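So you can see what is in the structure, the chains are spelled out below.
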Amino acid sequence: MRLYCLSGDLAKPCYIITFKGLRIMLDCGLTEQTVLNFLPLPFVQSLKWSNLPNFVPSRDHDPQMDGELKDCCGRVFVDSTPEFNLPMDKILDFSEVDVILISNYLNMLALPYITENTGFKGKVYATEPTLQIGRFFLEELVDYIEVSPKACTARLWKEKLHLLPSPLSEAFRAKKWRTIFSLKDVQGSLSKVTIMGYDEKLDILGAFIATPVSSGYCLGSSNWVLSTAHEKICYVSGSSTLTTHPRPINQSALKHADVLIMTGLTQAPTVNPDTKLGELCMNVALTIRNNGSALIPCYPSGVVYDLFECLTQNLENAGLNNVPMFFISPVADSSLAYSNILAEWLSSAKQNKVYLPDDPFPHAFYLRNNKLKHYNHVFSEGFSKDFRQPCVVFCGHPSLRFGDAVHFIEMWGNNPNNSIIFTEPDFPYLQVLAPFQPLAMKAFYCPIDTSLNYQQANKLIKELKPNVLVIPEAYTKPHPSAPNLFIEQPDKKIITFKCGEIIRLPLKRKLDRIYITSELAQKISPKEVAAGVTFSTLTGVLQVKDKVHCIQPCADSIKDETTSSNSAPTKEDVLKNVKYEFGSIDVDAVMKRLTQDGFSNIKLDRTGGALTLNLVNEDTVIKFEDNETHIICGGKPTTRLKLRDTIMKCLQSF
């Protein structure tokens, strides 16, 4: 069994394991941090970014590259459509992947790159919320970039990385970066997804049983259990032991695995999500009291649901209940509506509200009472009429390189009373704000990441008790912001890996399950060979189809009348006549049988615990030991064979 690591982004993993001849992809996360190297895409042409000076390398300047790179606020940015870093496709061709298992909607954004225009013929499995919310993320991403198209795509700069300043000079696999896929590609990739429910067992091509179990991280998020009759592999990605709106993590299903692959730990290990949520509410309230507005860049689903609830309650307690909140996203309407029909995927507290009946999420109530309003874009019909300040705006994209958030930064950036609050840990906020400098509005970093931190991961591993733990190498080293935080399991065998590596996992197949037909089962005639032990021969044809082993009866050989009776027997005929002897040898019975077969002058010698028969006339000795019988024959070879057959007749057989 081997593991291929196709992504260096620990939060957006993509792995392939080979098992029983199959290639199974675990997640297909998309590295979006690459977009931070590009200038933002405003809805309306910006004078600031249009008049930026070209960056010219100090040597080996290529005039054809003029206009591709711009000097902005002391940094160099690419003036082109943003590009993304895909999982590595040279280690193993995507067309050879048999199965893709997706753990959550954040880890499926590279799916269109993998399944479309690559020759992919495999199957994709995910839970229903993962599929539907993943659709929202993909459609929003396409809409944001297509609504602000660039006239051309810059490519020549990738040939001159050694001449560029940091961080462009350190760009990883820049020549492999790709522009956004089309909406057609999104629809094509999602049409290949098969929906599964929690704890549903699915036979994957006869090789193993795949079962998604709740991971507690977000709606529909799952850990995967791959099991056979004799092996168990668990893939833990994006899990949480905290109490939030998704269904809690199912730990029991992950226990005692032969191999446990763990990834997707928190990107903010030094902070407490509850503390940062409190800071966010406090900063928003202070901003509103200063007659300013708050911008919260966010994704269209996930933590934003909790922000609606907590922030509204906090503002009401602060006497600011008349402050409007706006949720702006191309999929805002679908996301808000869908979240309230997912009762089976929610925590018990949220499920109980459904049975009252009540809305599991309070944002449905806020929508009905106009405390929360949603629009596709800032230029959507009705927005300018309803918009008033001070207010709180939730919109994308968290990278601030495209989407409505770019518009609000340009509109509010010069007012120090306004604030921008970052809650998504995917992007370093100082790099996010770099092309907007100088910026007067206040910036707050309140990362809310509910996935496992290092202490929780260490505790979970001890409780799961896997035979082998497989984790990224970075998790075994002290975290840059907290030297005492890392995965440490001295009583476990740990295997680590890095991006681009292929490692061998210590899972050797020793046994496999074989099925027999009912017809063959009826022919089984067990024979007791010892107390409580029975044996039976089984003669048949072993067939292997879709990794399933099955023994079927041998076809009866029908001999044609013209066939010679002296023709060689078939393999099946030989197998049917094979006998297996067992039991202990009675020496007296052997002597009697030898006499009947014409042997004479036989002498029995008992020396210690050994018995020996001397056949004087044949110059032969037969030695009987506990588990062996030896025929030492000095005469003709035919004599030895005759003696062997005589002894075999004294044993029981089946």
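Residues numbered from 1 in each chain as written. Predicted model: local features only at pLDDT ≥ 70, side-chain atom pairs only at ≥ 80, totals over all residues. Heavy atoms only, no water.

- The name given to the chain in an unreviewed UniProt entry is Integrator complex subunit 9, and the organism recorded there is Drosophila simulans.
- Turning to the chain, the UniProt record has this under Sequence similarities (unreviewed entry): "Belongs to the metallo-beta-lactamase superfamily. RNA-metabolizing metallo-beta-lactamase-like family. INTS9 subfamily." (UniProt positions renumbered as here; feature names shortened; annotations may be inferred.)

**Some points on the sheet that holds strand β30 (residues 610-615)**
Logical step 1: Across the sheet, four strands lie side by side as β29-β30-β31-β32; this open sheet has antiparallel pairing. Looking at which strands have only one partner, the edges of the open sheet turn out to be β29 (602-607) and β32 (629-633). On average, each strand axis in the sheet is tilted by 15 degrees relative to the strand beside it, whichever way the strands run.
Logical step 2: Sheet strands touched by helix α17 (residues 637-649): β30, β31 (620-624) and β32. Its angle to β32, the strand with the most contacts, is close to 155 degrees. (Pairing = 2+ DSSP bridges. Helix = DSSP H or I, 4+ residues; strand = E, 2+ residues; numbered from the N terminus. Axes fitted to C-alpha atoms, helices over the stretch in contact; angles between N-to-C directions. Contact = heavy atoms within 4.5 Å.)

**Some thoughts on a nonpolar patch on the surface**
Logical step 1: Nonpolar side chains collect at one region of the surface, where Ile514, Leu542 and Val544 lie side by side and expose about 270 Å² of accessible area between them.
Logical step 2: Relative to the elements of secondary structure, leucine 542 occurs in strand β26 (residues 541-545).
Logical step 3: Assessed through its relative accessible area of 48%, leucine 542 is described here as partly exposed. (Patch = residues over 30% accessible without salt bridge, like charges linked within 9 Å, V, L, I, M, F, W, Y side chains within 5 Å. Areas by Shrake-Rupley, 256 points an atom, 1.4 Å probe, with all protein chains shown as cover. Salt bridge = Lys/Arg side-chain N within 4 Å of Asp/Glu carboxyl O. Buried < 20%, exposed > 50% of the residue type's maximum accessible area, 1.4 Å probe, protein only.)

**Section: the pattern of salt bridges**
Logical step 1: Taken as a whole and judged by the stated rule, the model has twelve salt bridges.
Logical step 2: Taking the shortest distance from any N to any O, the salt bridge between glutamate 463 and lysine 459 comes out at 2.6 Å. Linking glutamate 463 with lysine 459, this pair stays in helix α13 (residues 454-464), spanning four residues, or about one helical turn.
Logical step 3: Owing to a relative accessible area of 53%, lysine 459 belongs among the exposed residues under this scheme.
Logical step 4: For glutamate 473, the salt bridge is made with lysine 477, and the minimal N-O distance between the two is 3.5 Å.
Logical step 5: A relative accessible area of 24% places glutamate 473 in the partly exposed class.
Logical step 6: On the basis of relative accessibility, which here comes to 44%, the residue lysine 477 falls in the partly exposed class.

**What about a positive patch on the surface?**
Logical step 1: Positive charge collects at one region of the surface, where Arg2, Arg504, Lys508 and Lys510 lie side by side.
Logical step 2: Relative to the helices and strands, arginine 504 resides in strand β22 (residues 502-504).
Logical step 3: Arginine 504 gets classed as exposed once you look at its relative accessible area, which sits at 56%. (Lys, Arg positive; Asp, Glu negative; His and termini not counted. Charge placed at Lys NZ, Arg CZ, Asp CG, Glu CD.)

**Topic: the packing of aromatic side chains**
Logical step 1: Scanning the entire structure with this criterion turns up 27 aromatic pairs.
Logical step 2: Ring geometry for phenylalanine 308 against phenylalanine 327: centres 5.3 Å apart, planes inclined by 70 degrees, an arrangement best described as edge-to-face. Of this pair, phenylalanine 308 sits in helix α6 (residues 303-317) while phenylalanine 327 sits in strand β15 (residues 325-328); the two residues are 19 residues apart in sequence, bridging distant segments of the chain.
Logical step 3: Overall, the relative accessible area of 0% leaves phenylalanine 308 in the buried class. (Phe/Tyr/Trp six-rings, centres within 6.5 Å; stacked < 30°, edge-to-face > 60°.)

**Notes on the confidence of the model for the chain**
Logical step 1: Residues of the chain with pLDDT of at least 70 account for 94%, and the chain-wide mean is 87.
Logical step 2: With pLDDT under 50 throughout, residues 557-563 is counted as low confidence; its partners more than four residues away or in other chains account for one contact. (pLDDT = per-residue confidence, 0-100.)

**As for the sheet that holds strand β3 (residues 22-26)**
Logical step 1: Strand order across the open sheet formed by seven strands is β8-β7-β6-β3-β2-β1-β22, with mixed pairing between neighbours. Two strands bound the open sheet, and with one partner strand each, they are β8 (193-196) and β22. Averaged over all pairs of adjacent strands, the angle between strand axes in this sheet comes to 25 degrees, irrespective of strand direction.
Logical step 2: Two strands pair when backbone bridges link them, and strand β6 (residues 99-101) and strand β7 (residues 123-127) are joined in this way by three bridges, in the parallel orientation.

**Observations regarding the packing of helix α5 (residues 273-289) against α6**
Logical step 1: Where α5 contacts α6, the two axes come as close as 10 Å, and the packing angle between them is 50 degrees. One finds that α5 runs oblique with respect to α6. Crossing geometry of α5 relative to α6 is assigned as right-handed. Contacts from Leu277, Leu280, Cys281, Val284 and Ala285 in α5 reach Leu307, Cys310, Leu311, Asn314 and Leu315 in α6.
Logical step 2: For the contact of α5 with α6, the residue count by class is nine nonpolar, one polar and no charged. (Parallel < 35°, antiparallel > 145°, perpendicular 65-115°, else oblique. Left-handed = near helix turned anticlockwise from the far one by under 90°. Nonpolar A, V, L, I, M, F, W, Y, C, P; charged D, E, K, R; others polar.)

**Focus: the side chain of serine 240**
Logical step 1: Here serine 240 shows up in the loop between β12 (232-237) and β13 (259-263).
Logical step 2: The buried category is assigned to serine 240, whose relative accessible area is 1%.
Logical step 3: A polar side-chain atom of serine 240 sits 3.2 Å from the main-chain amide nitrogen of leucine 242.
Logical step 4: Among all residues touching serine 240, those that are not within four sequence positions of it are Ser215, Gly216, Tyr217, Ile249, Thr450, Ser451 and Leu452. (Polar contact = N/O pair within 3.5 Å; in protein donor to acceptor, adjacent residues only side chain to side chain.)

**Here we look at the side chain of threonine 211**
Logical step 1: Within the secondary structure layout, threonine 211 lies in strand β10 (residues 208-214).
Logical step 2: On the basis of relative accessible area, threonine 211 is assigned to the buried category, the value being 8%.
Logical step 3: Non-local contacts of threonine 211, meaning those with residues more than four positions away in its chain, are made with Asp199, Glu200, Lys201, Asn223, Trp224 and Val225.

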